[in-house]
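Analysis of the macromolecular model
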2 protein chains.
Amino acid sequence: MLKLFYSPNSCALASHIALQEAGASYETVRLDFRANEQRKPEYLAINPKGRVPALATDRGVLTETPAILAFIAQSFPQARLAPLDDAFAFARLQAFNSYLCATVHVAHAHRLRGPRWVDAGDAAAIAAMQKKVPQSVGECFELIEREMFAGPWVMGDGYTICDPYLFTVSRWLEGDGVDPARFPKVRDHRQRMAERPAVKAVLEEERSE
Amino acid sequence: MLKLFYSPNSCALASHIALQEAGASYETVRLDFRANEQRKPEYLAINPKGRVPALATDRGVLTETPAILAFIAQSFPQARLAPLDDAFAFARLQAFNSYLCATVHVAHAHRLRGPRWVDAGDAAAIAAMQKKVPQSVGECFELIEREMFAGPWVMGDGYTICDPYLFTVSRWLEGDGVDPARFPKVRDHRQRMAERPAVKAVLEEERSE
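A short tour of the structure in this document, coming up. Please read all numbers here as calculations on a predicted model, not as lab measurements.

Spatially, 4 strands are ordered β2-β1-β3-β4 (chain B) in an open sheet, and the strand pairing comes out mixed. The open sheet is flanked by β2 (26-30) and β4 (60-63) of chain B, the only strands paired with a single partner. Looking at each pair of strands side by side, their axes are set apart by 25° on average, direction ignored. Of the pairings in the sheet, the one linking strand β1 (residues 2-6) of chain B to β2(B) comprises 5 bridges and is parallel in character. Across the sheet, the residue bridging to B:Phe5 is B:Val29, located in β2(B). The strands touched by helix α4 (residues 87-109) of chain A within the sheet are β3 (54-57) and β4 of chain B, with β4(B) carrying the most contacts at an inclination of about 45°. The strands touched by helix α1 (residues 12-22) of chain B are β1, β2 and β3 of chain B; relative to β1(B), the strand with the most contacts, the crossing angle is about 150°.

Structure representation (structure tokens):
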């Protein structure tokens, strides 16, 4: 049985939705970041990075959203969540997810995770990072809107593992001080995603106590 | 014909080595970052991100190191650069590459690319970022050394696309103010990598005028 470790409103939402869309049998374990559960020894034994998501499988634990998403697509091919027989198309999909992971999520993280990159006590540097987030995140979404988003889904006609990941990251826009109205395609995508039964079910579970 | 756009000493080295190891037919285009060639309109038409690597193929351009590396492994299966028929093993490999891309490279980038995340004129904040790099990069390599590196190659007995990527990133350690002697497995890996004919050939090309 697959077991997803997540915290609400984190990037683990992408993997959570993908499991649901794939029709996978899985269970979830919620970590409370306010109680710092991700840094407790029990969890560090599962994922030494102390982050989410982590996906426990019969063969071991997987981490990193792009890797987990591709694993779900490959493990449930009947769900058609990625072009598995076309190396070029698969690479385009992976490039999109890698951009979300290494550029967009990183830009966003400078708002609340500044102490990863400057001393926690340096309030001025942390404030300087926070101040830049609307610009850096906004520029990322300009590129997505203008260059990357094929429509109606991220990669074109087919719904893929890129879609729950973009949905997850685009939900952070308002908190990052970026107006989603600047990106009509991304905003429309977010609305259509929110109407999917799998997404509704996952959001309801993540909201429940 | 595949065409790799790179700049010397950048993360594009990983893709460059992987192409060579795969026995691919490819050509290279060198960008001079000092002349800001990566921001010129000719290159932005190829890669709107203005970064390297970019791999031009007959079907279009690919970006993002983890995506390009997996594409090379899948396109040249006879080179056995990834466990292509094992979704779990492939995901473990991808998780390693995603960590290098989204965490290790990002920590490193705070030394020279600070204006991505704070205003370029904020010298104090940029200095605060640079000051943290030895610690943040050092912690990444502690995790690699202790938890991730299987040996003798990154994933174990088989040489994979993780190896040129780790080699590429570990060559930045001294510049980041981190002593490689702290990480015996990573240091030994770097020495063995440097002796491979494919790596020698690529480094020689990148050094030439």
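Turning our attention to the relation of the copies chain A and chain B. For the pair chain A and chain B, the superposition axis carries a translation of 0.0 Å, the fit reaches an RMSD of 0.0 Å, and the rotation angle comes to 180°. Viewed as a symmetry operation, the transformation between the two copies matches a two-fold axis.

Attention shifts here to the interface of chain A and chain B. Taken together, the 47 residues of chain A in the interface contact 47 residues of chain B. Together, the buried faces of chain A and chain B total about 3700 Å²; carbon and sulfur atoms form 61% of this surface. By the criterion of area lost to chain B, the three top residues of chain A are A:Arg59, A:Phe88 and A:Trp117, representing 17% of everything that side buries. Viewed at the interface, chain B and chain A are joined by 6 salt bridges. One salt bridge connects A:Lys131 with B:Asp119, and the closest N-O pair in it is separated by 2.9 Å. Our count for the contact surface shared by chain A and chain B stands at 12 residue pairs in polar contact (both at pLDDT 80 or more). Those elements giving two or more residues to the side of chain A that touches chain B turn out to be β4 (60-63), α3 (65-75), α4 and α5 (123-148) of chain A. When residues of the side of chain A that touches chain B are assigned to their parent elements, the largest contribution, 14 residues, is made by α4(A). Taken together, the residues of the side of chain A that touches chain B sort by class into 26 nonpolar, 10 polar and 11 charged.

Turning next to the side chain of A:Glu21. Residue and element names in this part refer to chain A. With respect to the secondary-structure elements, Glu-21 resides in helix α1 (residues 12-22). In this structure the side chain of Glu-21 is engaged in a polar contact, spanning 2.6 Å, whose partner is the side chain of Tyr-159. Of the polar contacts made by the side chain of Glu-21, one reaches the side chain of Arg-196; its length is 2.9 Å. For Glu-21, the contacting residues outside a window of four places in its chain are Ala-79, Leu-81, Tyr-159, Arg-196, Ala-198 and Val-199.

This part takes up the sheet that holds strand β3 (residues 54-57) of chain A. Residues and elements named next belong to chain A. Across the sheet, 4 strands lie side by side as β2-β1-β3-β4; this open sheet has mixed pairing. Every interior strand has two partners, whereas the edge strands, β2 (26-30) and β4, have only one. Pairwise comparison of adjacent strand axes, ignoring direction, gives a mean angle of 25° for this sheet. Judged from the 3 bridges that link them, strand β1 (residues 2-6) and β3 form a sheet pairing that is antiparallel. Residue pairing across strands places Phe-5 opposite Ala-54, the latter belonging to β3. Against the sheet, α1 makes contact with β1, β2 and β3, and its axis sits at roughly 150° relative to β1, the strand it touches most.

All names here are of chain B. At their nearest, the axes of helix α4 (residues 87-109) and helix α6 (residues 162-170) sit 10 Å apart, and the two run at 20° to each other. Regarding the angle of α4 to α6, the classification is roughly parallel. The element α4 and its partner α6 pack so that their crossing is left-handed. Residues Leu-93, Phe-96, Asn-97, Leu-100, Cys-101 and Val-104 of α4 form the contact with α6, whose own contacting residues are Cys-162, Tyr-165, Leu-166 and Val-169. Residues that form the contact of α4 with α6 fall into these classes: 9 nonpolar, 1 polar and no charged.

Once that is clear, we can look at the pairing of β3(B). Moving residue by residue along a regular strand, the side chains alternate between the two faces of the sheet. Residues and elements named next belong to chain B. Neither face of β3 is left uncovered, since the one carrying Ala-54 and Ala-56 and the one carrying Leu-55 and Thr-57 both have all their residues buried. Alignment of β3 against β4, held across 4 bridges, turns out to be antiparallel. When the bridges of β4 are listed, Ala-54 appears paired with Thr-63. Joining the antiparallel neighbours β3 and β4 is a turn of 2 residues.

About the cut-offs
- Residues numbered from 1 in each chain as written.
- Chains lettered and ligands numbered in written order.
- Predicted model: local features only at pLDDT ≥ 70, side-chain atom pairs only at ≥ 80, totals over all residues.
- Heavy atoms only, no water.
- Pairing = 2+ DSSP bridges.
- Helix = DSSP H or I, 4+ residues; strand = E, 2+ residues; numbered from the N terminus.
- Axes fitted to C-alpha atoms, helices over the stretch in contact; angles between N-to-C directions.
- Contact = heavy atoms within 4.5 Å.
- Least-squares fit on C-alpha atoms with pLDDT ≥ 70 in both.
- Buried area = accessible area lost by both parts, 1.4 Å probe.
- Salt bridge = Lys/Arg side-chain N within 4 Å of Asp/Glu carboxyl O.
- Polar contact = N/O pair within 3.5 Å; in protein donor to acceptor, adjacent residues only side chain to side chain.
- Nonpolar A, V, L, I, M, F, W, Y, C, P; charged D, E, K, R; others polar.
- Parallel < 35°, antiparallel > 145°, perpendicular 65-115°, else oblique.
- Left-handed = near helix turned anticlockwise from the far one by under 90°.
- Buried < 20%, exposed > 50% of the residue type's maximum accessible area, 1.4 Å probe, protein only.

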